[in-house]
Amino acid sequence: MPKKDTRFVQEKGRVLMLGNEALVRGCLEAGVSYVSQYPGTPTSDIGEYFHQILRNFPEFKEYLVHQWAVNEAVATSSCAGAAWTGCRSLNPMKHVGLNVASDALSVIALNGPNPGAMVVVIGSDPGSLGSHQEQNERFYSWMLHLPTFEPHSPQECKDWIKLAFDLSERYDLVIDFRMSTRSAHSRGFVDLGPIVKGKARGEFVRNIPKFNSLPPHAINNHVRLYERIERLREEVPSLKINKVLPGTNKVGIITSGIPYGYTLEALNQLSLDDVPVLKLGMIYPLNHEEILDFMQDLDRVVVVEELEPFLEVKISEIAHSEKLNVEILGQKYFPKYNEYSTGLVANCLAKIFNKKSNPRMKIAAKLFESYQAIIPSRFPTFCAGCPERATLYSILKATNHLTNTVVCGDIGCYVMSFFPPQQCSDLVICMSGGLSAAIGMSTKTDQKILAMIGDSTFFHTGLSPLAEAVGYNSNILLIIFENSWTAMTGHQDDVLRFLFRQGFSIERICKAMGVQWLRVEDSYNPKKLTSTIKKALETDGLKVIVIKRECGLQAHRWRMSQIKQLEAQGEKYQEITYQVYGCQMCHECSRILSCPAMRRVEVEGRETMQIDQDRCIRCGVCYQICPNDAIHKSIINALSVEVPFREI
């Protein structure tokens, strides 16, 4: 039995935690009782930790609920509903998830979360480390009126999330708690506090002016929201979340979050120990007096922030309004894209302060570049046995490698399809954006249009564009990957799994919406799938192919668990292996299917392909597609129990 992680439940002590772990611990100390989210990096593991707590310590189920929502808009409104019964609710999402949630959140912020409290945790992703773009979602805090915290360390994550809930409840404000990929997944020691039991049940009290933002209440709520924001702005200095590192230099620095750490390290490398630094814990609203006090005796102020100049604009506005004779520097020296590093910040500050870069930095850069040369560069790729990889193979074969064909991709594991060698996706916009783009494209080109969407994305926002495609009978082939998991974000046991367990059927939904041409196929039968795709592309109007095959990782895990049970019972089972003999090096398996279990080796001076048995999950697709019959299937204990993959 694995040892239970007691860091989330012990009443006191000092423990090592990731930023997201510390945030969850802070929620338990704040008395949070409802959490709803759609998984997305870098916030997916917040939900995983809540589920781990509920699984290992069932006493929390008396009051704590975590739900995986079908999309961010549903999650946000669910959290508002819980808050309006008097409970404290947490709403994590990634930065682009805020786009989906913003329609609901714009109204919820006006209404306010009282009598309860509501905090949205936004996982920012400078550098697009786990996202399709690096949108600077901080500007939503202006538009939606969301007071915004930006922690730097795990300790701040734990302490400030508690403060965020207190302020949300006190001022009737939805609070934005801005994490980033680095702050979410960096480790640090955290001092624990007592756990507070949240409300198990609340009660909604009717208040039409507050909860119905329609005329005339919408304007009244807007006025009231500004009043609440201004009251909070006045209190910011007393919260003690902004701090000043004093210095005598006439050039000062204002920064926040993870860039604060880069800034301190950079100043140390440049031997600039006299530079005053204002570290902001709350980046909206800014307390004007606090900012002015820091800038009062300075000639120049450097704003260190990742992405677009969010803080720089507001700080410049404050200086201008008070006619302060100080130069504000930021985007002139710092890039407005990609993730920062200590080296980048140090190089930018070196130019501002007319300092030479520390020689150690150059040595470190050379070492880094030398390691880059040693470590081979690889594209992200699908797992061995991935049914989506096999589907892409069939698409390539059916279209003669995409001749006169456009493939509209989407968000899911199959985003990797645009990488070599498949290069089988021409565009990616957002969740369900592929099908939506295909609808417009099909009206303006004679090319064959193929759109892809995963089952989780289909439920997230795919039903609306499908209804439109049905209504206009758009000349599109839609391929729906039904692997029964939200696979890309970590196989969460989410609402998708609950739907399938209850017998929910994507093909029945498609039929109910009016899809006339519908086929259900298996990507582990690539020749039949290829034939079906060909027929679909030769047929006018909307066509839908549902690919039913479980995620390869989960299917392999389940199959191995069945084998272990048979072994424990002393029973024999069929052992299947695939071996390569007489390979002609046509590379059908390695360059078109491109399975990572295939590798090129040299045997007795002759080049051949070989199957890595440790990676192979025995899906058999390579065996079926080899044009030279060079891959052979062997079954040991052929008369014993067969252990196939799980049907979905």
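Above this note sits the structure.
Predicted model, so just to flag it, every value in this text is computed and none were measured.

**Q** Can you help me understand the packing of aromatic side chains in this one?
**A** Geometrically, a pair of aromatic rings is defined through the distance of the ring centres and the angle of the planes. One pass over the full model with this rule turns up 18 aromatic pairs. Seen in terms of ring centroids, F139 and F310 are 5.4 Å apart; in terms of plane orientation they differ by 80°. Their pairing is edge-to-face. With F139 in the loop between strand 5 (117–124) and helix 5 (140–144) and F310 in helix 12 (residues 310–321), the pair connects residues that are 171 residues apart, well separated along the chain. Exposure remark for F139: the relative accessible area of 29% places this residue in the partly exposed category. Taken together, the aromatic side chains of F458, F459, F500 and F504 make up a single cluster linked through ring pairs. Note that R519 overlies the ring of W517, its terminal NZ or CZ placed 4.1 Å from the centroid. Above the plane of the ring of F645 lies R559, whose end atom (NZ or CZ) is 5.4 Å from the centre.

**Q** When you look at the state of the cysteines in this model, what are you seeing that I'm missing?
**A** One way to say it: the disulfide is the covalent bond shared by the sulfur atoms of two cysteines. Overall, the coordinates contain zero disulfides when judged by the stated rule. Just so you know, C622 is unpaired, no disulfide at all, and the nearest cysteine sulfur is the one on C616, 6.2 Å from it. The thiol of C626 is unpaired, and the distance to the nearest cysteine sulfur, on C586, comes to 5.7 Å.

**Q** Is there a simple way to explain empty space enclosed by the protein in this structure?
**A** One way to see where empty space is left: roll a probe the size of a water molecule over the atoms. Considering all chains together, one arrives at six cavities of 30 Å³ or more under this definition. As a volume, the largest cavity reaches approximately 130 Å³. G385, L593, C595, C619 and C622 are the residues nearest the centre of the largest cavity, which is lined by 17 residues in total. Counting only elements with at least two residues in the lining of the largest cavity, the list comes to helix 15 (387–398) and helix 23 (621–625). Partitioning the lining of the largest cavity into residue classes produces 13 nonpolar, two polar and two charged. Counted as a void, the second largest cavity has a volume near 110 Å³.

**Q** Help me understand the nonpolar core, please; the structure alone is not making it clear to me.
**A** In a soluble, globular protein the nonpolar side chains are often hidden away together inside. Core analysis: the largest hydrophobic core is formed by 84 residues, its most contacted members being L466 and V544. Per element, the largest residue contribution to this core is six residues, and it comes from helix 15. Filtering out sequence-adjacent residues up to four positions away, L466 remains in contact with L435, F458, L478, C510, M513, V515, L542 and V544. Listed in part, the 72 residues of the second largest apolar core include L54, A117, M179 and A184.

**Q** I keep staring at the pairing of strand 22 (residues 606–611) and nothing clicks. Help me out?
**A** Residues in a regular strand point their side chains to alternate faces of the sheet. Sheet topology places strand 21 (residues 598–603) next to strand 22; six bridges connect them, and they run antiparallel. Within strand 22, the position partnered with V601 by the bridge is T608. The hairpin formed by strand 21 and strand 22 contains two residues between the paired strands, and E604 there has a positive phi angle of roughly 55°.

**Q** What am I meant to see in unusual backbone geometry here?
**A** Excluding glycine, residues mostly carry a negative phi; peptide bonds, for their part, are mostly trans. Omega for the peptide link from N114 to P115 comes to 20°, which places this bond in the cis form. Mapping P115 onto the fold places it in the loop between helix 4 (97–111) and strand 5. Note the cis peptide between P420 and P421, where omega equals 5°. Locating P421 in the fold gives a position in the loop between strand 15 (405–408) and helix 16 (433–442). In the Ramachandran plot, S128 falls in the positive-phi region, its phi being about 50° despite a non-glycine side chain. Inspection of the secondary structure assignment puts S128 in the loop between strand 5 and helix 5. Phi is positive for E604, which is not a glycine, with a value near 55°. Relative to the helices and strands, E604 resides in the loop between strand 21 and strand 22.

**Q** Please explain the sheet that holds strand 6 (residues 148–149) as it appears in this structure.
**A** Adjacent strands of a sheet form backbone hydrogen bonds with each other and so pair up, either parallel or antiparallel. The strand order 3-2-4-5-7-6-12 describes an open sheet built from seven strands, whose pairing is mixed. The open sheet terminates on both sides in strands that have one partner only, identified here as strand 3 (65–68) and strand 12 (282–284). Direction of pairing for strand 2 (residues 34–37) relative to strand 3: parallel, over a ladder of four bridges. Among the inter-strand pairings, Q37 is bridged to a residue of strand 3, identified as W68. Running over the sheet, helix 6 (residues 154–171) touches strand 4 (88–94), strand 5, strand 6, strand 7 (175–180) and strand 12 and is turned about 160° from strand 7.

**Q** Just to check I follow, could you spell out the pattern of salt bridges for this structure?
**A** Side chains that carry opposite charge are capable of pairing whenever their charged atoms lie near each other. Throughout the structure, instances matching the rule amount to 27 salt bridges. Between E482 and K548 there is a salt bridge whose closest N-O contact spans 2.9 Å. Residue E482 is found in strand 17 (residues 477–482), and its partner K548 is found in strand 19 (residues 543–548); the two are separated by 66 residues along the sequence. Salt bridges sharing partners connect three or more residues here, namely R25, E29, K158, D159 and K162.

**Q** Any chance you could explain the environment of N268 here in plain terms?
**A** Along the polypeptide, N268 turns up in helix 10 (residues 257–269). Spatially, the C-alpha atom of N268 lies 9.7 Å from that of N358, the residues being 90 residues apart in sequence.

**Q** Is there a simple way to think about the environment of L529 in this case?
**A** Secondary-structure assignment places L529 in helix 20 (residues 526–537). For the pair L529 and T391, spaced 138 residues apart in sequence, the C-alpha separation works out to 7.7 Å. What L529 contacts, discounting residues up to four positions off in sequence, is T391, S394, E521, D522, S523, I545 and I547.

**Q** Before we go on, may I ask you to explain the packing of helix 3 (residues 72–83) against helix 4 in this structure?
**A** Relative to each other, helix 3 and helix 4 sit at 35°, their axes nearing to 7 Å. For the pair helix 3 and helix 4, the sense of crossing is right-handed. Residue-level contacts link E72, A73, T76, S77 and A80 of helix 3 to G97, V100, A101, A104, L105 and I108 of helix 4. A breakdown of the residues in the contact of helix 3 with helix 4 according to their chemical character gives seven nonpolar, three polar and one charged.

**Q** So what exactly am I meant to see when it comes to the side chain of K94 here?
**A** Looking at where K94 falls in the secondary structure, it is placed in strand 4. For the buried K94, no salt bridge exists, and the shortest N-O distance to an oppositely charged side chain is 5.2 Å, to D125. Only 2.9 Å separates the side chain of K94 from the side chain of S131, close enough to count as a polar contact.

**Q** What exactly am I supposed to notice about a nonpolar patch on the surface here?
**A** Together, I363, L367, Y371, I374 and I375 make up a nonpolar patch on the protein surface, roughly 560 Å² of accessible area in all. Within the secondary structure, L367 sits in helix 14 (residues 359–374).

**Q** Looking at this model, I keep getting lost on the layout of surface pockets. Mind explaining?
**A** Considering only enclosed or pocket space, the largest pocket measures out at about 980 Å³ in volume. G130, I411, G412, V415 and M488 are, among the 44 residues lining the largest pocket, the residues nearest its centre. Of all elements in the fold, only helix 4 and helix 17 (455–472) reach the threshold of two or more residues within the lining of the largest pocket. Examining the composition of the lining of the largest pocket, we find that five residues originate from one element, helix 17, more than from any other. Residues of the lining of the largest pocket, tallied by class, amount to 21 nonpolar, 19 polar and four charged. In this structure, the second largest pocket spans a volume of roughly 570 Å³. What lines the second largest pocket is a set of 22 residues, and nearest its centre among them are S590, S594, C595, P596 and M598. Counting residues per element, the ones that place at least two in the lining of the second largest pocket are helix 22 (588–592) and strand 21.

What counts as what
- Residues numbered from 1 in each chain as written.
- Predicted model: local features only at pLDDT ≥ 70, side-chain atom pairs only at ≥ 80, totals over all residues.
- Heavy atoms only, no water.
- Phe/Tyr/Trp six-rings, centres within 6.5 Å; stacked < 30°, edge-to-face > 60°.
- Helix = DSSP H or I, 4+ residues; strand = E, 2+ residues; numbered from the N terminus.
- Buried < 20%, exposed > 50% of the residue type's maximum accessible area, 1.4 Å probe, protein only.
- Lys NZ or Arg CZ within 6 Å of the ring centre and 35° of its normal.
- Disulfide = S-S within 2.5 Å.
- 1 Å grid on protein atoms, 1.4 Å probe; cavity = no way out; pocket = protein on both sides within 12 Å on 5 of 7 lines; lining within 4 Å.
- Points joined across faces, edges and corners; volume = space filled by probe spheres on them.
- Nonpolar A, V, L, I, M, F, W, Y, C, P; charged D, E, K, R; others polar.
- Core = buried A, V, L, I, M, F, W, Y, C linked by side-chain atoms within 4.5 Å.
- Contact = heavy atoms within 4.5 Å.
- Pairing = 2+ DSSP bridges.
- Axes fitted to C-alpha atoms, helices over the stretch in contact; angles between N-to-C directions.
- Salt bridge = Lys/Arg side-chain N within 4 Å of Asp/Glu carboxyl O.
- Left-handed = near helix turned anticlockwise from the far one by under 90°.
- Lys, Arg positive; Asp, Glu negative; His and termini not counted.
- Polar contact = N/O pair within 3.5 Å; in protein donor to acceptor, adjacent residues only side chain to side chain.
- Patch = residues over 30% accessible without salt bridge, like charges linked within 9 Å, V, L, I, M, F, W, Y side chains within 5 Å.
- Areas by Shrake-Rupley, 256 points an atom, 1.4 Å probe, with all protein chains shown as cover.

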